[in-house]
Amino acid sequence: MLNHTPNEVSERTGLVVNPAKTCQPIGAMYAALGIHNCLPHSHGSQGCCSFHRMHLTRHFRDPVAASTSSFTEGASVFGGSANLKTSIKNVFSIYKPDVIAVNTTCLSETIGDDLPTIINESEVPEGKYVFHANTPSYVGSHVTGFSNMVKAMVTTFSKKEGPCNGKVNLIPGYTEPGDMRELKRIAKVMGIESILFPDTSGVVDSPMTGRYEMYPAGGTKVEDLVDSGNSLATIAMGTFASEAAANELDKKCGVPAHVLPLPIGVKGTDQLILELIKITGKPVPYELEEERGQVVDVMTDTHHHFHGKKVAIFGDPDHVIAITEFVIGLGMKPIHIVTGTPGSSFDRQINAILDAANIKANVKNLGDLFTLHQWMKKEPVELLIGNTYGKYIARAEDVPFVRFGFPNMDRSVHSYFPVVGYKGALRLIEMISNALLDRVDRDAADEDFELVL
Amino acid sequence: MSYQLPDPLEERKHSIIRKTGKQQEEKIQCNQNSVAGAVSQRACVYCGARVVLNPITDAYHIVHGPIGCASYTFDIRGSLTSGADTFRNSFSTDLRETDIIFGGEKKLAAAIDEIVAAHHPKLIFIYSTCVVGVIGDDLEAVCRNAEKQYGIRVIPIQSSGFAGNKNAGYKAACHALLNLMGEENPVEKEAGINFLGDFNLAGEIWINQSYFRRMGLPVVSKVTGDARYEELIKAPRARLNIVQCAGSMTYLAKLMREKYKIPFINVSFYGLEDTAKSLRKIAYALDEPEILQKTEVLIQEEYDKAHLALEPYRARLAGKKAAIYVGGGFKAISLIKQFRDLGMETVMVGTQTGNSDDYETIRQLAAEDTIILDDTNPSELERFMKEKGADILVGGVKERPLAYKLGVAFCDHNHERKQPLNGFVGAVNFAREVEQSINSPVWHWIRKERRAYNEK
């Protein structure tokens, strides 16, 4: 498949071939799942909601509940106000969430539904909440949709209403529940109380209980979202997915925003921990020092596998930026770097990393996998890092492939482990070196086939 | 610990019936729009059109709209190909905000130009999405111009998501197919058949083709599993249409009957009984002694072999209870029979898009007290699977983790099936899959988990 991708890169103005992104609403839906007892609601056609649930289900292998306004021809002409009001009434009476998080779609945005007014006019039971994020599919990508919904959490809930609670807000970005657990653990071993939001751990990686729970035990509690306005500071991980909410919290409640890259790899994790020290004055516990030492130890043990290897990387911007930094630290050379999400700050951040390492590479935001594939045909690489969709290119070009980022629909268990933190770095090193060494074994002639590598 | 299962919404009460022995039973309410606020398992018009047309292997499927609709349907269908794999790529116009303001026609025309320049296609489909329906891009005009300019087929599909439900999407796809097949009605028909409504998931159509070959029965055109342009345009020459996926393809069969005077029959190749019945039905419809005789030979050879192969599974499955929630009515009907053949009882059966005839057949087939439901949601599935003590659920991607969370086995009879489940061979594969899931040791662990949870 995809072997008919021509080598010559031609300019395309109308056509996207094999996208490296998807639309805003799914990101909003994923973020909303990270609020405790919250039902995401898709204000649009039935298909949007169905597609998003299907896509998330394929990635997490857990049930994903969300409701929809089920737009019909009438709604698209007369507006979706009645649909949303009926939805809110039905959802509270039958599904009984504490919160309904509404995301808009290209349809409801284009017909101009005024969400704040509609929600205002809706019957919301005492002690329950309905809020919304504007997520037209023709703007940004699933990552900005996530960002918008997280920002809406701040706008809706966060309040500065008491003395400082001594906590640190952590905004984890569009990451796996395994990552969110790891971030909470890091804060905990440092003796820091944190409010992490959104928090999909315990929601889309919920344990087997033998019954279906529409609202599993996890998720950030509303009172914690409110309390985030009283925190010491906010650490936003990733400029694309998390910065907007942190800035909003700064503006609204005066909680200082600290924006970092996703803490992937030693440097990224060091930055996070240094920032936590700066904010709280807490010392680094031995436990984390030991973990860091282990990662560096493993990096030295394995550095000869990585050195000088050419890599192609694609995926969501915050992830791609962080892993580009990491693989350069391992001695590898990223030469093709693509994100599907639009934004020139991606190019700026990547180029800064590349310049510091004196590496020249093809870099593109709002790119697609067809372009990436063409680049790889022109200048081959020895490793491809990206989400499930990379498997076609990896097969066509016979390149080792490490699955990293969203979505991952052809392998399981990924959502239970982190890529962030020192633990995540260790895991990534294992994944990358296994991919490279499996290839060495596969390609070795009998006489070169060795037991010890 | 007692756990209150939620009652269905008031508006949903007529979409759920419980079979009783009474003559005059309440008719199920179906083919309605979903209730606003429902956690429906249903999709939209675009999805319906896309799943029907997507298996056409050498077509360029361009999704005209924002990226999502293209991304979520990027190679998800599981249809296999014996030729081109063009259809497994994702092409779209990825409409941005400025396109929404100024219109997307130019971008669409550019996308067509770029595909023609790079790939020399014979057939392009252009799918309309919600927002395109609202901003009013004239797809017909863009397609007409491109056809004129390039001398190829560029076919628009009116599949704006809000304009009805998935059934409307099937219809839109049927119109596109009829458009492709053309205006001409060949008076002289060929000896062969068109096979409508098999999408070659896990290579299923190849099993059927091998049967047809042994029956001495040429296939003129497959619609749309493993289909290609050159083959589809020959479809008007066939003598008979056989329709498997009735939900999506009966409409096309009717259109073709009107336009090309091709009669059609409904078939189902799921389960031994329906497979044998369908093969005979085709042979009788064609009324050629040689085909009839070859068909009987085929059935004799394959039926007994498969029946015997099912024996060990019957022993391990007898008395187990099945729940069914699938897309169309015909598949549900076959599945009830298949479970019966395995000594299993169907305790709950539902579809996303079944019509009232389907539900009447289901009601007649179903055992006393069976729950029958249309366009259901996770809460209802949970409620009735628990009440009826189902051991396995047959469904699609969204139902799988739900079943697992309830500690119920699962069989994907949708896009994610990895084994062909049709024909005599497929009936055995199906039994194996059901048996492997039901009798897996993992369920013991779940029972322990559940005890631990309930003791808390």
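Residues numbered from 1 in each chain as written. Chains lettered and ligands numbered in written order. Predicted model: local features only at pLDDT ≥ 70, side-chain atom pairs only at ≥ 80, totals over all residues. Heavy atoms only, no water.

Thoughts on the overall build of chain B
Then, number 1: Scanning chain B for helices and strands turns up 18 helices and 14 strands.
Then, number 2: Taken against the 2.2 N^0.38 rule, which gives 23 Å for 456 residues, the C-alpha radius of gyration of chain B at 23 Å falls within 12% of a compact globule.
Then, number 3: The dimensions of chain B, computed from C-alpha atoms along their principal axes, are 70 × 60 × 45 Å.
Then, number 4: Taken as a whole, chain B presents about 17100 Å² of accessible surface, with 50% of it coming from carbon and sulfur. (Helix = DSSP H or I, 4+ residues; strand = E, 2+ residues; numbered from the N terminus. Rg over C-alpha atoms; globule rule 2.2 N^0.38 Å. Areas by Shrake-Rupley, 256 points an atom, 1.4 Å probe, with all protein chains shown as cover.)

Points about the packing of aromatic side chains
Then, number 1: Using the criterion set out here, one finds 21 aromatic pairs over all chains in the structure.
Then, number 2: The interplanar angle of 20° and the centroid separation of 5.8 Å between the aromatic rings of phenylalanine 51 of chain A and tyrosine 72 of chain B together place this pair among those described as stacked. Placement of the pair is phenylalanine 51 of chain A in helix 2 (residues 46-60) and tyrosine 72 of chain B in the loop between helix 2 (67-71) and strand 3 (91-92), with the two residues belonging to separate chains. Here phenylalanine 51 of chain A matches tyrosine 72 of chain B in class, with each residue buried.
Then, number 3: Between tyrosine 129 of chain A and phenylalanine 157 of chain A the ring centres are 5.3 Å apart and the planes differ by 75°, which places this aromatic pair in the edge-to-face class. Separated by 28 residues along the polypeptide, tyrosine 129 of chain A in strand 5 (residues 129-133) and phenylalanine 157 of chain A in helix 7 (residues 142-157) bring together distant segments of the chain. (Phe/Tyr/Trp six-rings, centres within 6.5 Å; stacked < 30°, edge-to-face > 60°. Buried < 20%, exposed > 50% of the residue type's maximum accessible area, 1.4 Å probe, protein only.)

Quick look at the nonpolar core
Then, number 1: Ranked by size, the top nonpolar core spans 150 residues in total, and within it Leu56, Ile385 and Ile432 of chain A together with Phe125 and Leu252 of chain B carry the most contacts.
Then, number 2: Counting residues per element, this core draws most heavily on helix 7 (residues 166-181) of chain B, at nine residues.
Then, number 3: With residues near it in sequence (within four places) discarded, isoleucine 432 of chain A still touches Phe306, Val327, Leu330, Met332, Leu383, Ile385 and Val402 of chain A.
Then, number 4: Formed by 60 residues, the second largest nonpolar core is a distinct cluster that contains Phe212, Ala283, Met344 and Ile362 of chain B. (Core = buried A, V, L, I, M, F, W, Y, C linked by side-chain atoms within 4.5 Å. Contact = heavy atoms within 4.5 Å.)

A short note on the interface of chain A and chain B
Then, number 1: The interface of chain A with chain B comprises 72 residues on the first partner and 73 residues on the second.
Then, number 2: Linking chain A to chain B there are three salt bridges.
Then, number 3: Note that glutamate 416 of chain B and arginine 58 of chain A form a salt bridge whose closest N and O atoms lie 2.5 Å from each other.
Then, number 4: Elements with a contribution of two residues or more to the side of chain A that touches chain B: strand 1 (16-17), strand 2 (38-43), helix 2, strand 3 (67-68), helix 3 (73-78), helix 4 (81-95) and helix 5 (106-110) of chain A.
Then, number 5: The element best represented in the side of chain A that touches chain B is helix 2 of chain A, accounting for 10 residues.
Then, number 6: In terms of residue class, the side of chain A that touches chain B is built from 32 nonpolar, 30 polar and 10 charged. (Salt bridge = Lys/Arg side-chain N within 4 Å of Asp/Glu carboxyl O. Nonpolar A, V, L, I, M, F, W, Y, C, P; charged D, E, K, R; others polar.)

Here's the deal with the pairing of strand 7 (residues 219-224) of chain B
All names here are of chain B.
Then, number 1: Among the six residues in strand 7, five count as buried, and that is most of the element.
Then, number 2: Inspection of the sheet shows strand 6 (residues 193-198) paired to strand 7 by five bridges, in the parallel sense. Looking at the pairing, asparagine 194 lines up with serine 221 of strand 7.
Then, number 3: Regarding the hand of the β-α-β motif, the stretch spanning strand 6, helix 8 (residues 204-214) and strand 7 is right-handed. (Pairing = 2+ DSSP bridges. Right-handed = clockwise from strand over helix to strand, strands pointing away.)

Some remarks on the pattern of salt bridges
Between side chains of opposite charge, pairing is possible as soon as their charged atoms come close.
Then, number 1: Under the definition given, this model contains 48 salt bridges over all chains.
Then, number 2: Glutamate 275 of chain A is the salt-bridge partner of lysine 278 of chain A, the closest N and O atoms lying 3.5 Å from each other. Of the two residues, lysine 278 of chain A and glutamate 275 of chain A are both situated in helix 11 (residues 265-280); the distance of three residues between them amounts to about one turn of the helix.
Then, number 3: What makes lysine 278 of chain A exposed here is its relative accessible area of 62%.
Then, number 4: The salt bridge involving arginine 88 of chain B is made with aspartate 75 of chain B; its shortest N-O contact spans 2.9 Å. Of this pair, arginine 88 of chain B sits in the loop between helix 2 and strand 3 while aspartate 75 of chain B sits in the loop between helix 2 and strand 3, placing them 13 residues apart in sequence.
Then, number 5: Because the salt bridges share partners, they merge into one network encompassing Glu182, Arg185, Glu287 and Glu291 of chain A.

Brief notes about the sheet that holds strand 14 (residues 409-412) of chain B
All names here are of chain B.
Then, number 1: Reading across the sheet, the six strands line up as 1-12-11-10-13-14 and stay open at both edges, with mixed pairing between neighbours. In this open sheet, the two strands that pair with only one neighbour each are strand 1 (16-18) and strand 14. Across the sheet, the mean angle separating the axes of adjacent strands is 15° when strand polarity is ignored.
Then, number 2: Set on the sheet, helix 13 (residues 329-341) makes contact with strand 10 (321-326), strand 11 (345-351) and strand 13 (392-395); between it and strand 10 the angle comes to about 165°.
Then, number 3: Of the strands in this sheet, strand 1, strand 10, strand 11, strand 12 (371-374) and strand 13 are in contact with helix 15 (residues 378-388), which crosses strand 1 at around 10°. (Axes fitted to C-alpha atoms, helices over the stretch in contact; angles between N-to-C directions.)

Let's talk about the domain arrangement of chain A
Residue and element names in this part refer to chain A.
Then, number 1: In terms of domain boundaries, chain A breaks down into domain 1 (24-157), domain 2 (168-284) and domain 3 (287-447).
Then, number 2: Once you take the C-alpha centre of each, domain 2 and domain 3 turn out to be 24 Å apart.
Then, number 3: The interface is formed by 28 residues belonging to domain 2 together with 35 residues belonging to domain 3.
Then, number 4: In total, about 2700 Å² of surface goes out of reach between domain 2 and domain 3, with carbon and sulfur atoms giving 64% of it.
Then, number 5: A salt bridge links arginine 185 to glutamate 291, with the nearest nitrogen and oxygen atoms 2.9 Å apart.
Then, number 6: Our count for the domain 2 to domain 3 interface comes out at 14 residue pairs in polar contact (both at pLDDT 80 or more). (Domains from an automatic or database assignment. Buried area = accessible area lost by both parts, 1.4 Å probe. Polar contact = N/O pair within 3.5 Å; in protein donor to acceptor, adjacent residues only side chain to side chain.)

A few points about the sheet that holds strand 13 (residues 383-386) of chain A
All names here are of chain A.
Then, number 1: Pairing is parallel across the open sheet formed by five strands, whose spatial order is 12-11-10-13-14. For this open sheet the edge positions go to strand 12 (362-364) and strand 14 (401-403), each flanked by a neighbour on one side alone. Taking the axes of each pair of neighbouring strands and ignoring which way they run, one obtains an average angle of 15° across the sheet.
Then, number 2: Bridge count for strand 10 (residues 310-315) against strand 11 (residues 333-339) is six bridges, and the pairing is parallel. Looking at the pairing, phenylalanine 314 lines up with valine 338 of strand 11.
Then, number 3: In this fold helix 15 (residues 369-378) packs onto strand 10, strand 11, strand 12 and strand 13, with an angle of close to 160° to the strand it touches most, strand 11.
Then, number 4: Running at roughly 170° to strand 14, helix 16 (residues 390-397) makes contact with strand 10, strand 13 and strand 14 of the sheet.

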